[in-house]
Amino acid sequence: MILTEKSIAEIKEKAVHYPVKKSAILPALTVAYRQVGHVDEVIYKEISKIIDVPTLEIAEAATFYTMFPKKPRGKYLLQVCNNISCALRGSDSMIAHLENKLDIKLGETTEDNMFTLIGVECLGSCSTAPMIQVNLDYHENLDKKKVDSLIDELKAKKD
Amino acid sequence: MHYSPVITNAEIAAKDKDLHLFQYVEDPKQCEVETFVSRGGYKAWKAVLDGISKEDVIETVKKSGLRGRGGAGFPTGLKWSFVPKDSPKARYLVCNADESEPGTCKDRVIMERDPHAIIEGMAIASYAIDCHLMFIYIRGEFTHCIEKMETAMKEAYEKGHLGKNIYGSGYDLEMIVHTGGGAYICGEETALLNSIEGERGQSRMRPPFPAIEGLYACPTIVNNVESLAAVPHIINRGAEWYASIGTEKSKGSKLFSLSGHVNRPGNYEVPLGFNLKDMIYDPAYGGGMLDGKKLKGVIPGGASTPFLLPDMIDVALDYEALQEKDSMLGSGAIIVFNEDTCIVWVIKKLIHFFRHESCGKCTPCREGTGWLEQMINRIEAGQGQPGDLEKIEEVCGNILGRTICPLGDAAVMPIQSALRLYRDEWQYHIDHKECMVKSNFELK
């Protein structure tokens, strides 16, 4: 099993409240993604056993949503919102700045597997634009200085 | 979880006797159940269970004039009354917290800073439709909101505001915090219900409407966070009080998310009918244009609403006045852009969003948004050809009104309005193979 005892318990705890088993698919995928960093067929099968829903139905749902990618990404997923409110506040230029700083293009992962940089649609941070979501955290009201220190801090982190 | 608090007008809201959604949002303790209760929280919920009939609750909300704050503006009380009284099936209440219309970031403020207000509103709405299991569907990216709501829910259970035999009334009510997977379409109520059921988030044909056949094929009401958060205040202070705020047809207060080229982007609670110009220029709100640049246009109600030109902004922010200007109040997301903004570039950003978020079920939307994006990208890249604008209009016309859910319309309306209001600039782009003004917005 890839999913840990803790994740399995968490999925079961969530599943028990729904009147219909299938409703636990998204909560289970969320728990799995947070533990593993991606969700593929192997994990669909594991979830299938935990919540007693056919693997196919899990795959069917999972592949619709952007938050359950099948392939692993860098340790830190940098999601730059690039929709209108953020773009008016310089998100295009922030992406260019990050591409330079990390020496990768949008959509790529750094060689050391530390950072994946992607552009995403509106994350509901319009009045605190521009922003980057780093894994689960929102970093908002960004400027060049804040972006630089954010990346430096992440690089220096040892966990 | 890390996030940054947005600027609000809580200080004004605290002093104004009519504003109620943002009264306490600057106090971090407002998230805690004790503080919430000490300020009158769960009082309306108690009063309702103490002996207000379901019919009276619905009647009060109807009379208050409250309309859905998610974008469509449908009367909330009327929606509740559509649940069949004689149905033997279970009923469900779903709070729509899938906030994802570009420009909109208001519901997250209530979830972050006043989560019990949402739970209390959901509870009262549940009672009104005789529901015993209610859901809040929160967009998956809002991890911090999910945590706040889960903590508040736990507290509400512990203190007996949720669970079995609430306040000894015999009424049982359970709650589930459900999280999404990053799909804008799930803010559309039937797609949202499919998503809770563990399906792909695609819209359903209506009828049947969710009030008749919604979640698990049972009668279901879906309401926006802000609509539900207003409900306890309506119960406490009465329909007449609520109806006295705002304009003749647009009642109550509304949260507006202000973003783009203003000095003070933020979330502001104002009575409906508040002037848009004041929202942008008043130092207590937008504080004027960023870097003193000239205003070029405003999207008044989220990415799917038609534009307003600078000479159109002396307008009341309410359902009717914006409709008169051929636009919409929508979700209350005001996006302001200055003279350095290329209109084709704005539309390029918007159509990319709608193409990406189209669920793929209806052909006009799935294919049409893709064609539109291709053509608009081409014009933006300086490769526009004569006839492109007419072709775009034709495709728009073939999407509008021809899809199951409003996403197709939402994608088309800003484009049609941009073509109407900024025609010269589009034509310039095609003739000169470049922008009239270049949108080079540097990161500060």
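Criteria and cut-off values
Residues numbered from 1 in each chain as written. Chains lettered and ligands numbered in written order. Predicted model: local features only at pLDDT ≥ 70, side-chain atom pairs only at ≥ 80, totals over all residues. Heavy atoms only, no water. Axes fitted to C-alpha atoms, helices over the stretch in contact; angles between N-to-C directions. Helix = DSSP H or I, 4+ residues; strand = E, 2+ residues; numbered from the N terminus. Parallel < 35°, antiparallel > 145°, perpendicular 65-115°, else oblique. Contact = heavy atoms within 4.5 Å. Nonpolar A, V, L, I, M, F, W, Y, C, P; charged D, E, K, R; others polar. Expected span 1.5 Å × (residues − 1). Buried < 20%, exposed > 50% of the residue type's maximum accessible area, 1.4 Å probe, protein only. Arc of directions from axis to C-beta. Domains from an automatic or database assignment. Salt bridge = Lys/Arg side-chain N within 4 Å of Asp/Glu carboxyl O. Left-handed = near helix turned anticlockwise from the far one by under 90°. Pairing = 2+ DSSP bridges. 1 Å grid on protein atoms, 1.4 Å probe; cavity = no way out; pocket = protein on both sides within 12 Å on 5 of 7 lines; lining within 4 Å. Points joined across faces, edges and corners; volume = space filled by probe spheres on them. Core = buried A, V, L, I, M, F, W, Y, C linked by side-chain atoms within 4.5 Å.

Observations concerning the packing of helix H14 (residues 343-357) of chain B against helix H18 (residues 423-432) of chain B
Residues and elements named next belong to chain B.
- Between H14 and H18, the shortest axis-to-axis distance is 9 Å and the interhelical angle comes to 95 degrees. Relative to H18, the element H14 lies roughly perpendicular. On H18, the residues touching Ile343, Val344 and Ile347 of H14 are Glu425, Trp426 and His429.
- The residue inventory of the contact of H14 with H18, partitioned by class, reads four nonpolar, one polar and one charged.

Some remarks on helix H7 (residues 144-156) of chain A
Residues and elements named next belong to chain A.
- Over its 13 residues, H7 runs 18 Å from end to end, which matches the ideal 18 Å to within 8%, given 1.5 Å per residue.
- Within the sequence span of H7, burial applies to Val147, Leu150, Ile151 and Leu154. Along the axis of H7, the buried residues cluster in a sector spanning 95 degrees; they form a single face. Opposite the buried face of H7, by more than 90 degrees, sit the exposed residues Lys145, Glu153 and Ala156.
- Structurally, H7 contributes buried residues whose contacts are with strand E1 (76-81), helix H6 (91-102), strand E2 (115-120), strand E3 (132-134) and strand E4 (137-139).

A short note on the domain arrangement of chain A
- By domain assignment, chain A separates into domain 1 (5-62) and domain 2 (76-156).
- Between domain 1 of chain A and domain 2 of chain A, the C-alpha centre-to-centre distance is 29 Å.

Topic: the environment of histidine 38 of chain A
Residues and elements named next belong to chain A.
- Looking at where histidine 38 falls in the secondary structure, it is placed in the loop between helix H2 (25-36) and helix H3 (41-51).
- Owing to a relative accessible area of 13%, histidine 38 belongs among the buried residues under this scheme.
- Spatially, the C-alpha atoms of histidine 38 and glutamine 133 are 16 Å apart, while their sequence positions differ by 95 residues.
- Apart from residues no more than four positions distant in its own chain, histidine 38 is found in contact with Ala32, Tyr33, Ile43, Pro69, Lys70, Lys71 and Pro72.

Things to note about H6 of chain A
Residue and element names in this part refer to chain A.
- Taking 1.5 Å per residue, 12 residues should reach 16 Å; H6 reaches 16 Å between its end C-alpha atoms and fits that length.
- Within H6, burial applies to Ser91, Ser93, Met94, Ile95, His97, Leu98, Glu99 and Leu102.
- Packing partners of the buried residues in H6 comprise E1, helix H5 (84-88), E2, E3 and H7.
- Trailing H6 by a residue or two, aspartate 103 shows a phi angle of about 55 degrees, which is positive.

Looking at the pattern of salt bridges
Residue and element names in this part refer to chain B.
- Applying the stated criterion across every chain, the model contains 36 salt bridges over all chains.
- For aspartate 291, the salt bridge goes to lysine 444, with nearest N and O atoms at 3.1 Å. With a gap of 153 residues between them, aspartate 291 in the loop between helix H12 (276-281) and strand E8 (295-299) and lysine 444 in the segment after H18 connect regions that are remote in the sequence. Considered together, aspartate 291 and lysine 444 belong to a single accessibility category, that of exposed residues.
- One salt bridge in this structure joins lysine 293 and aspartate 340, with 3.0 Å as the shortest N-O distance. Here lysine 293 is found in the loop between H12 and E8, whereas its partner aspartate 340 is found in the loop between strand E10 (333-338) and H14, with 47 residues between them in sequence.
- Given a relative accessible area of 32%, lysine 293 falls into the partly exposed group.
- A residue is classified by how much of its surface remains accessible, and aspartate 340, at 26% relative accessible area, is partly exposed.
- Several salt bridges share partner residues, and in doing so they unite Lys79, Glu188, Glu189 and Arg206 into one network.

Comments concerning the packing of helix H1 (residues 5-15) of chain A against H2 of chain A
Residues and elements named next belong to chain A.
- Contact pair H1 / H2: the axes reach a minimum separation of 9 Å and the direction vectors enclose 160 degrees. Accordingly, the angle class assigned to the pair H1 and H2 is roughly antiparallel. Handedness of the H1/H2 crossing: right-handed. From H1, Ser7, Glu10, Ile11 and Lys14 reach across to H2, where they touch Pro27, Ala28, Val31 and Gln35.
- By residue class, the composition of the contact of H1 with H2 is four nonpolar, two polar and two charged.

Things to note about the sheet that holds E1 of chain A
All names here are of chain A.
- Strands sit in the order E2-E1-E3-E4 across an open sheet of four strands; the sheet is mixed. A single partner strand is all that each edge strand has here, and the edge strands are E2 and E4. Mean inter-strand twist for the sheet, computed between neighbouring axes without regard to direction, equals 25 degrees.
- Here E3 runs beside E4; their pairing, made up of three bridges, is antiparallel. Its bridge partner being in E4, valine 134 is matched across the sheet by aspartate 137.
- Set on the sheet, H6 makes contact with E1, E2 and E3; between it and E1 the angle comes to about 155 degrees.

Things to note about the sheet that holds strand E2 (residues 133-138) of chain B
All names here are of chain B.
- Reading across from one edge, E3-E2-E1-E4 is the order of the four strands in this open sheet, with parallel pairing throughout. Strands with a single pairing partner mark the edges of an open sheet, and in this sheet they are strand E3 (174-179) and strand E4 (220-224). Direction aside, the axes of adjacent strands within the sheet are offset by 20 degrees on average.
- Two strands pair when backbone bridges link them, and E2 and E3 are joined in this way by six bridges, in the parallel orientation. Counterpart to isoleucine 138 in the pairing with E3 is threonine 179.

Comments concerning the layout of surface pockets
- Of the voids in this model, the second largest pocket is the one considered here, and its volume is about 950 Å³.
- Lining the second largest pocket we find 50 residues, and of these Thr66, Arg73, Gln79, Ile118 and Val120 of chain A sit closest to its centre.
- Of all the elements in the fold, those that place two or more residues in the lining of the second largest pocket are H2, E1 and E2 of chain A together with H14 and helix H15 (363-380) of chain B.
- The element contributing the most residues to the lining of the second largest pocket is H14 of chain B, with six residues.
- Tallied by class, residues from the lining of the second largest pocket come to 19 nonpolar, 18 polar and 13 charged.

Side note on the nonpolar core
- Of all hydrophobic cores here, the largest spans 189 residues; its most connected members are Trp80, Ile136 and Trp426 of chain B.
- Setting aside residues up to four positions removed in sequence, isoleucine 136 of chain B forms contacts with Cys95, Ala97, Met111, Ile118, Met122, Met149, Met175, Ile176, Val177 and His178 of chain B.
- Of all hydrophobic cores here, the second largest spans 19 residues; its members include Met94, Ile104, Phe115 and Ile132 of chain A.

Some remarks on empty space enclosed by the protein
- A full pass over the atoms with the stated rule returns two cavities of 30 Å³ or more.
- Counted as a void, the largest cavity has a volume near 70 Å³.
- Contributing to the lining of the largest cavity are Ile185, Ser203, Ser358, Cys359, Gly360, Lys361, Cys362, Cys365, Thr403, Cys405, Leu407 and Gly408 of chain B.
- Computed from the structure, the second largest cavity encloses a volume of approximately 40 Å³.
- Looking at the second largest cavity, the residues that line it are Cys81, Asn83, Ile84, Ser85, Cys86, Cys122, Ser125 and Cys126 of chain A together with Pro102 and Gly103 of chain B.
- At three residues, the largest contribution of residues to the lining of the second largest cavity is made by H5 of chain A.
- Partitioned by chemical class, the residues of the lining of the second largest cavity number six nonpolar, four polar and no charged.

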